[in-house]
Amino acid sequence: MSSPVLPLPDEASCPFGPHPEIDALRERRPLTRVLCPAGIEAWLVTDYADVREMLGDSRRFSSSGGATGHLLASTPPDSPVEEGDFARMDGADHARFRHLFAPAVGTAKRMAEIRPMVQRIVDEAIDELAGQAHPIDLHRQFAKPVTTAVIGELLGVPAEDRKIFHRTAEAQFNNETTIDESSAAKQPLFEYVQDLIARRRAEPSDDAISIMIERGADFSDLELVKMAAGLLVGGYDTTAALIAHGVLALLEEPAQLALLREDPDVVPGAVEEVVRLLGATTGVLRIAVKDTEIAGTPIAAGDYLVAMVQAANHDPAQFPDPGRLDLRRDSRRQLGFGLGSHLCVGRQLARLELAVVLGTLFRRIPGLRLAVPFDQIPFKRNSPITGPERLLVTWDEIRPA
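### Points about the nonpolar core
The nonpolar side chains of a soluble globular protein tend to be buried with one another.
Inference 1: By size, the foremost hydrophobic cluster in this structure holds 92 residues, and its most contacted members are F142, L155 and M212.
Inference 2: The element best represented in this core is helix α14 (residues 347-364), accounting for 10 residues.
Inference 3: Residue contacts for L155: discarding those within four places in its chain leaves L196, R200, D207, A208, I209, A228, L231 and L232.

If you want it as structure tokens, here you go:
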């Protein structure tokens, strides 16, 4: 009997949660075997406790297959792990890269240092909207410019050069991208970052690349290139989509939006709740390195597993009434940024961007509202990233910063 095909997002019917079939499979024991679009069979893991167990144990479950290899033919899970492929490394090899990332993008001290920069970028983006005819597409005309500017300034990439990582990101986050197309999209970015690293070696600055160069004397140029390119690509539409999706969810919940406007202290919890409700890519791939089990299901060494993180974040056993946006909910144990040794290195930056946007956008544009009925909002297709493809909004006034 053949395995069922892995259900992919269908946001026309579930804009704020996982595919309905995933919800139905959560309670199923033993685990379900599914056929992934890349052609491999894998165990589907959807329960919160099971996903936590899987992501938190790198001794049993390896990341060598890659985070999205089950979705994108451009990253086949059986391809060799090459120099600098830190996302597919485990143990000390992976920790070596994380220790270099942390001072550049991952510490509370660093986030405090760059918060004024993020606030300036968000205010400038809102000021830019004031001069435009509306309705506008909040995803394309606000969220993407904000996240592009933040990651660009963080790494010292001039505004006129940032389209190069847009093109790479759009290829990487398209399920229909072929291996050849993915390689072709990466090459110009790698060449650009290589040149940027050479310039920073000659003239250091206070940007993230300079910090990594200074602290990474034992890192090769290729390793540094892949780290910097990963930050540029990973920080582009993942956070922009989450911003647009979060704004949409708040506009659909007036009571929660009013709470956000009235009580600035709600913002940190709101960030975690938005990530819980809406965050995470479609799934995370792991490979069993030894015979083991999850939820009573025997897992053989070499078996693939797909952790459906968004399904775990909608597990009612962990988060009651999980499809409801509740800004006062304690969502600190949400798994939208992963868990364990592969916890997202850019999570603090994403939190900072989302916090500044939520704390600023609705204060400066109090009458922000949808410009079209909800059922006319198109959602992303053929992408592991969820969220609206376009989000048309309008307003009455924009207040000064």
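Back to the text.
### Side note on the side chain of R364
Inference 1: Its place among the elements puts R364 in helix α14.
Inference 2: Each residue touching R364, except ones within four places of it in the same chain, is listed here: D123, I126, D127, E397, I398, R399, P400 and A401.

### Quick word on empty space enclosed by the protein
One simple way to see leftover space: roll a probe sized like a water molecule over the atoms.
Inference 1: For the structure on display, the rule yields two cavities of 30 Å³ or more.
Inference 2: What lines the second largest cavity is a set of 11 residues, and nearest its centre among them are L25, R28, L31, L44 and T46.
Inference 3: Within the lining of the second largest cavity, the residues separate by chemical class into four nonpolar, two polar and five charged.

### Section: the sheet that holds strand β5 (residues 284-288)
Inference 1: Pairing is mixed in the open sheet, where five strands are placed in the order β1-β2-β8-β5-β3. The sheet is open, and its two edges are formed by β1 (32-35) and β3 (61-62), each paired on a single side.
Inference 2: Sheet analysis places β5 next to strand β8 (residues 304-307), joined by four bridges and oriented antiparallel. Across the sheet, I287 pairs through a bridge with Y304, a residue of β8.
Inference 3: Together, β2 (41-45), β3, β5 and β8 form the strand contacts of helix α2 (residues 48-55), whose direction differs from that of β8 by roughly 125 degrees.

### Some words on helix α11 (residues 254-262)
Each turn of an α-helix holds 3.6 residues, which means side chains three or four residues apart point in the same direction.
Inference 1: All of the buried residues along α11 are Q256, L257, L259 and L260. Down the axis, α11 shows its buried residues gathered within 155 degrees of arc, on one side only. Those residues of α11 that are exposed and aimed more than 90 degrees away from the buried face are P254, A255 and E262.
Inference 2: Buried residues along α11 sit against α10 (237-251), α12 (267-278) and α14.

### Topic: the environment of D195
Inference 1: With respect to the helices and strands, D195 occurs in helix α7 (residues 179-202).
Inference 2: Assessed through its relative accessible area of 39%, D195 is described here as partly exposed.
Inference 3: Along the backbone, D195 and D50 are 145 residues apart, and their C-alpha atoms lie at a distance of 44 Å.

### Focus on the packing of helix α8 (residues 208-215) against helix α9 (residues 221-234)
Inference 1: Axis separation between α8 and α9 bottoms out at 11 Å; the angle between their running directions is 150 degrees. Comparing their axes, α9 and α8 come out roughly antiparallel. As α8 packs across α9, the resulting crossing turns out to be right-handed. Together, I209, M212 and I213 of α8 and L224, M227, A228 and L231 of α9 make up the contact between the two elements.
Inference 2: Classifying every residue of the contact of α8 with α9 gives seven nonpolar, no polar and no charged.

### Quick look at α8
Inference 1: Of all eight residues in α8, six are buried; the element is thus mostly enclosed.
Inference 2: For α8, the set of buried residues is A208, I209, S210, I211, M212 and I213.

### Looking at the side chain of T360
Inference 1: Inspection of the secondary structure assignment puts T360 in helix α14.
Inference 2: Apart from the residues within four sequence positions on either side, T360 is in contact with Q119, V122, D123 and I126.

### A look at unusual backbone geometry
Inference 1: Here the residue pair H134 and P135 is connected by a cis peptide bond, since its omega of 20 degrees sits within 30 degrees of zero.
Inference 2: By the secondary structure assignment, P135 is in the loop between α4 (108-130) and β4 (136-137).
Inference 3: With a phi close to 50 degrees, D321 is a non-glycine residue in the positive phi region.
Inference 4: Along the chain, the position of D321 falls in the loop between α13 (309-313) and α14.

### Considering the packing of α4 against α14
Inference 1: It is at 9 Å that the axes of α4 and α14 come closest, and there the two elements cross at 40 degrees. Viewed along their axes, α4 and α14 adopt a mutual orientation that is oblique. The crossing of α4 and α14 is right-handed. Residues M111, I114, R115, V118, Q119, V122, D123, I126 and D127 of α4 form the contact with α14, whose own contacting residues are Q348, L349, L352, E353, V356, V357, T360, L361 and R364.
Inference 2: Per-class residue counts for the contact of α4 with α14 are 10 nonpolar, three polar and five charged.

### Digging into the pairing of β1
Inference 1: Burial along β1 is one-sided: T32 and V34 are buried, while R33 and L35, pointing the other way, are not.
Inference 2: Direction of pairing for β1 relative to β2: antiparallel, over a ladder of four bridges. Of the residues in β2, the one forming a bridge with T32 is L44.
Inference 3: In textbook terms, the turn of a hairpin is the stretch between consecutive antiparallel strands, and for β1 and β2 this stretch comprises five residues, one of which, G39, has a positive phi near 100 degrees.

### What about the sheet that holds strand β9 (residues 369-370)?
Inference 1: Strand order in the open sheet formed by three strands is β4-β10-β9, and the pairing between neighbours is antiparallel. The open sheet has two edge strands, β4 and β9, and neither has a second partner.
Inference 2: Both β9 and strand β10 (residues 392-394) contribute to a ladder of two bridges, which runs antiparallel. If you follow L370 over to β10, its bridge partner there is V393.

Definitions and cut-offs
- Residues numbered from 1 in each chain as written.
- Predicted model: local features only at pLDDT ≥ 70, side-chain atom pairs only at ≥ 80, totals over all residues.
- Heavy atoms only, no water.
- Core = buried A, V, L, I, M, F, W, Y, C linked by side-chain atoms within 4.5 Å.
- Buried < 20%, exposed > 50% of the residue type's maximum accessible area, 1.4 Å probe, protein only.
- Helix = DSSP H or I, 4+ residues; strand = E, 2+ residues; numbered from the N terminus.
- Contact = heavy atoms within 4.5 Å.
- 1 Å grid on protein atoms, 1.4 Å probe; cavity = no way out; pocket = protein on both sides within 12 Å on 5 of 7 lines; lining within 4 Å.
- Points joined across faces, edges and corners; volume = space filled by probe spheres on them.
- Nonpolar A, V, L, I, M, F, W, Y, C, P; charged D, E, K, R; others polar.
- Pairing = 2+ DSSP bridges.
- Axes fitted to C-alpha atoms, helices over the stretch in contact; angles between N-to-C directions.
- Arc of directions from axis to C-beta.
- Parallel < 35°, antiparallel > 145°, perpendicular 65-115°, else oblique.
- Left-handed = near helix turned anticlockwise from the far one by under 90°.

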